[in-house]
Every structure is written in C-alpha cells, then in structure tokens.
Amino acid sequence: MVRSLLDRLRALEVATRPEHPDLTAALARRWEDLPTHVKTPNQMLGTRSAGCEGTHGVFPRCNLACTPCYHAKEANRVRVDGPHTQREVDRQMALLRELRGPGQNAQLIGGEVTLLSPDDHAAALQAMHRHGRKPMSMSHGDFDYDHLEALALDPDTGERRFDFLSFAGHFDSMMFGRRGIKRVRNEAELNPYRERFCQMFQRLEREHGIKHYLAHNMTVTPRNIDQVARVVRDCRDMGFRMFSFQPAAFVGNEARWKDAYRAFSTDEVWTRIEEGAGSRLHFRAVQVGDERCNRTAYGLYAGDRYAPVLDEDDPRDQRVLGDFLAGFGGMDLVAPPALLAARAARAIARRPQVLPHGAGWAVRLVRRAGGVRHLRANRPKTITFVMHAFMDARDVRPAWELLEQGVMSDDPRIRATQERLQSCSYAMAHPDDGRLVPACAQHSVLDPDENLRLAELLPLHRSEPEPANV
Ligand code: SF4
C-alpha cells in the first residue's frame, strides 16, 4: 500500500517535470557532443531539442521525377511493401526514442509516402507516436482526398485514428509527372495544386474535426530562384504554417542533376524569401545546428504586417530566450492543460526571471505586430520560414570517411563539411549498429548500397515500371 503510494508519487513527480528525464539526459549528451563553434546562447540543439529525425529505407520508391532527386537511382527499383515499412519504422523509432528521449519531431520520409496504402501509412504514424515521436508525413502532394480520409479514419469504425495530422507538401517546378500538369513551366502554374493540397486538410477538419499542420517545401535552383518571392506571396494565406526552402545540392541520382546549383549563394535565396515575406526575417534569433545548414525565422502575421517572435537585435529578447531555455528546456508545449500548467509552474520555479522578462517580451511583440487594436482587427497567425542547405556528395563522402576514423581534415572545404556534419540537426537511425547518421551522410554515402540491398529484398512486381529519368 505504502509502496504503491510512493510509486504513484514518484510517477507524478516525473510526469510534472518540464522535461522527461530521458530527454534531459539526451539533451545533455547532445550539447556535450556539439562542436564549440555552435555552442552559442541561441543554440536549440542540446537545449530545447535533440534535433529532427527522418526515416530511411522504409519506402524508397516515388512516382514523380524531380531534378534534382536526393534519392539514389536504385530507390525506384524497390517495391513499396507495407509490412517492411511498418517493421523498419518501428525499429528506427525505437532507437531514436532510446537515444534521444521522447517528444522529438520525426519525418516519415523516403520516396512518396502516399504510395503506401492508407492503413500502412497510418500504422507507420502510429508506430512513431508509440515511440514518442511527433510525426510529419513528407509527400509530393499528388494524392486525393480519399487517401487522406482513409488514412485519418479507422476503416472498421469510421472513428478518427488521429486528432492531428502533420504533412509537408513538396511543390516546385523541377518536379515532373504530377497528375494534370506533367511538366511545369513556372512556379505560379503549381498554385492551384498547392491550394488543392491545403483544401483537402481543411475539408478533413470540417468533416471530421481532425486538425493539421502543413509545411510547404521547395527546392531552389537557378531556374526558379527568381520566383521564390512570388511563391511566398501567392501561398502565404493558403494554409501553410511553414515555408521551407532547400537550395539544390549535388546529391542522389546523378542523372537528375540539371543545373549549376552553386551559381547562387544561400544569402541570395534568403533575400528572395524576405522579399516574399515583405519583411526582414530574423534568423539569428535562434540557431538550429550550424548556420551554414539551417536558418529558421519564427514570426507572425497580423494582416499584412509581419513581426518576428524574437528580435535578433534586441538583447532583451535574447535574455528572454536564455531564461526560457534555462527554465523550460525541452518541455513539450503540447500536453493536457493540467499537466502543462504543472510543468510550467515547475519551469518558472526553476527560472523565476522568465516571468518579468517574458511579460516585457510579450509587450514588445504586441507592439511589433501593430498594437492591440491592430491585432484585434487582424487575427495573428504564426508562420515559420526555414532554409535547409544540404551539402554536395563529393564533399560529404570524404568528410564522413575521415570522421568515421576520428580525423579532422586539413582541407578547409572538407573540414567545414565535417563541422556541419558534427552539428547536424537532421538524423537517421540505424538500429543494426545502434547509431544515428546525419541525413547528408545517409543520402551521399549510405543510400546507394542500402537501396541495392532493398531491391534484392523487395524486387518490383512485373507490373511496376521504373519511372523514366528526365
Ligand atoms: S549536415 Fe546535412 S542533413 Fe545535417 S543539418 Fe547539415 S545539411 Fe542538414
């Protein structure tokens, strides 16, 4: 009796900590392992998050053809196989839970996720939830409402399988084979398809009460860089909550490398994003990993007025961030209200300054957003702008090989690649040897062999042709 009471008190004590103890330990390890140059006061890795995660080798095949495509050419020789997907997702997520604790964002990614049956797709998402991940399905968006509804609802009872779905739709004019628009001449031609994607989720919410978070992904090459600003402007009010841009890299299927991807800098891409956003974007307020890999700007729109959540030039905002990280750390902000309140109370007790400093920040944010009256008339909505610059395979291969031997290169370019790999914010799990690998190393070094093995294990059925190279 006394023992069971003690056990319950102990469980309550753990449940009301701002962070689960496994996450606390994972964050401490992550911080310890980070290279010195990214251990800055605004660094999110090791303080707020262990980093993003993605699946690999679980459904490599895709039915569109993109230039570039980051997947090895062998990927399309692998059959989509639900039991394989479920088994491998489960194993990879179990390792991520073990090494990184609960509550981390994980992408269900590979080839095209909607080539899975809705039931297999749902089972993969459920496995991710079971292992404490927050899943996001990565898709080209060329699927129908029927698939989405079948994914979201239990086929036997018609009840919701999920209260919330998170998807990223990849749309850009270097993708070929989309139904209704096989070849795209410019980004604007894709707007009806982007809109249709968002509308499917809005309909799902209307008809079944299932909420959503949608991200818009776009590869940037010399062909479409000048259209980035217009994409942001055209799509801002469609329903996307995140716009993520990936400057193209020479990685994956070489037959799909079409342009001089190094003809522009990441600064130029960011300038176009800012043009579209209609405002300067404060990407130095928070940092996720290495700035050469990632830029993230959190902000909100009230009508046409954009306000950064944190002003990177204001030391008071930096202090608030420090207080928040010291008190709340990796606290999951999605939890039942009572639990959230208990965790927040303990976080504030850990760092009481967060209250007065946070109140000042809230006043400044309201001012930046146009004041109370403007906010009353224009309900604010949060939008995050992201740029993620993958690296070229020719740099990643030697950099990774040396890192595997514990050697830092003397060649400045390879050394810079190594520093970025060490600060990587996007990892993939290898349950066979119990380790995590940066996505750049996965795609540049490990994918080709992995897909060859998978093609033997899961050969295509005769009726499934490989999509043509473009
Ligand atoms: S190392 Fe590669 S995968 Fe990791 S954050 Fe940098 S660009 Fe992304």
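Heads up: the structure comes first, above all this text.
Conventions adopted
Residues numbered from 1 in each chain as written. Predicted model: local features only at pLDDT ≥ 70, side-chain atom pairs only at ≥ 80, totals over all residues. Helix = DSSP H or I, 4+ residues; strand = E, 2+ residues; numbered from the N terminus. Rg over C-alpha atoms; globule rule 2.2 N^0.38 Å. Buried ≥ 20, exposed ≤ 12 C-beta atoms within 10 Å, placed from the backbone. Contact = placed C-beta atoms within 7 Å. Expected span 1.5 Å × (residues − 1). Near = placed C-beta within 6 Å. Nonpolar A, V, L, I, M, F, W, Y, C, P; charged D, E, K, R; others polar. Axes fitted to C-alpha atoms, helices over the stretch in contact; angles between N-to-C directions. Parallel < 35°, antiparallel > 145°, perpendicular 65-115°, else oblique. Left-handed = near helix turned anticlockwise from the far one by under 90°. Core = buried A, V, L, I, M, F, W, Y, C linked by C-beta atoms within 7 Å.

Student: Explain the overall build of the protein to me, please; I cannot follow it from the model alone.
Tutor: Counting its regular elements, the protein contains 15 helices and 13 strands. Relative to the compact-globule value of 23 Å for 470 residues, the protein shows a C-alpha radius of gyration of 22 Å, a close match. Along the longest, intermediate and shortest principal axes, the C-alpha atoms of the protein span 65 × 60 × 60 Å. Across the 470 residues in the protein, those meeting the buried criterion constitute 42%. Relative to all contacts within the protein whose residues are 6 or more apart in sequence, the contacts with residues 24 or more apart total 77%.

Student: Explanation requested: the environment of Asn42 in the structure shown.
Tutor: Relative to the assigned elements, Asn42 resides in the loop between helix H2 (21–33) and strand S1 (52–54). Taking the C-alpha atoms as reference points, Asn42 and Glu195, separated by 153 residues in sequence, lie 35 Å from one another. If sequence neighbours within four positions are ignored, Asn42 has contacts with Ala285, Val286, Gln287, Gln318 and Leu321.

Student: I tried to follow helix H3 (residues 82–100) on my own but got confused; where do I start?
Tutor: Residues spaced three or four apart along an α-helix face the same direction, because each turn holds 3.6 residues. The terminal C-alpha atoms of H3, which comprises 19 residues, lie 26 Å apart, in line with the 27 Å expected from a rise of 1.5 Å per residue. Buried within H3 are the following residues: Thr85, Gln86, Glu88, Val89, Gln92, Met93, Leu96, Arg97 and Arg100. Buried positions along H3 lie against H2, S1, strand S3 (104–108), helix H4 (118–130), strand S4 (133–139) and strand S12 (426–430). Two residues or fewer after H3 comes Gly101, characterised by a positive phi angle close to 75 degrees.

Student: Could you clarify how one ought to interpret the site of the ligand in this entry?
Tutor: Around the ligand, a shell composed of 15 residues is seen, among which Cys293, Cys424, Tyr426, Ala439 and Cys440 lie nearest. Looking at the shell around the ligand, the elements with two or more residues in it are helix H14 (412–422) and helix H15 (439–457). Considering only residue class, the shell around the ligand consists of 10 nonpolar, four polar and one charged.

Student: Hey, could you run me through the packing of helix H9 (residues 315–328) against helix H11 (residues 354–368) in this one?
Tutor: For any two helices packed against each other, the geometry comes down to the angle between their axes and how far apart the axes lie. One way to put it is that H9 packs onto H11 with a least axis distance of 9 Å and a crossing angle of 140 degrees. Here H11 runs oblique to H9, going by the angle between their axes. When you trace H9 past H11, the crossing you get is left-handed. Contacts from Arg316, Asp317, Arg319, Val320, Asp323, Phe324 and Gly327 in H9 reach Val354, His357, Gly358, Gly360 and Trp361 in H11.

Student: Is there a simple way to think about the nonpolar core in this case?
Tutor: Among the nonpolar cores identified, the biggest contains 99 residues, and Leu108, Met128, Ala152, Ile273 and Val396 are the most heavily contacted of them. Sequence-distant contacts of Ala152, defined by excluding residues within four places in its chain, comprise Arg160, Arg161, Phe162, Leu165, Leu204, His208 and Ile210.

Student: Where do I start with unusual backbone geometry in this structure?
Tutor: Of all residues except glycine, most have a negative phi; of all peptide bonds, most are trans. For the bond from Thr67 to Pro68, the omega torsion is 5 degrees, close enough to zero to count as cis. You can see Pro68 is positioned in the loop between strand S2 (65–66) and H3.

Everything listed here is a matter of coordinates, which is why it stays silent on function.
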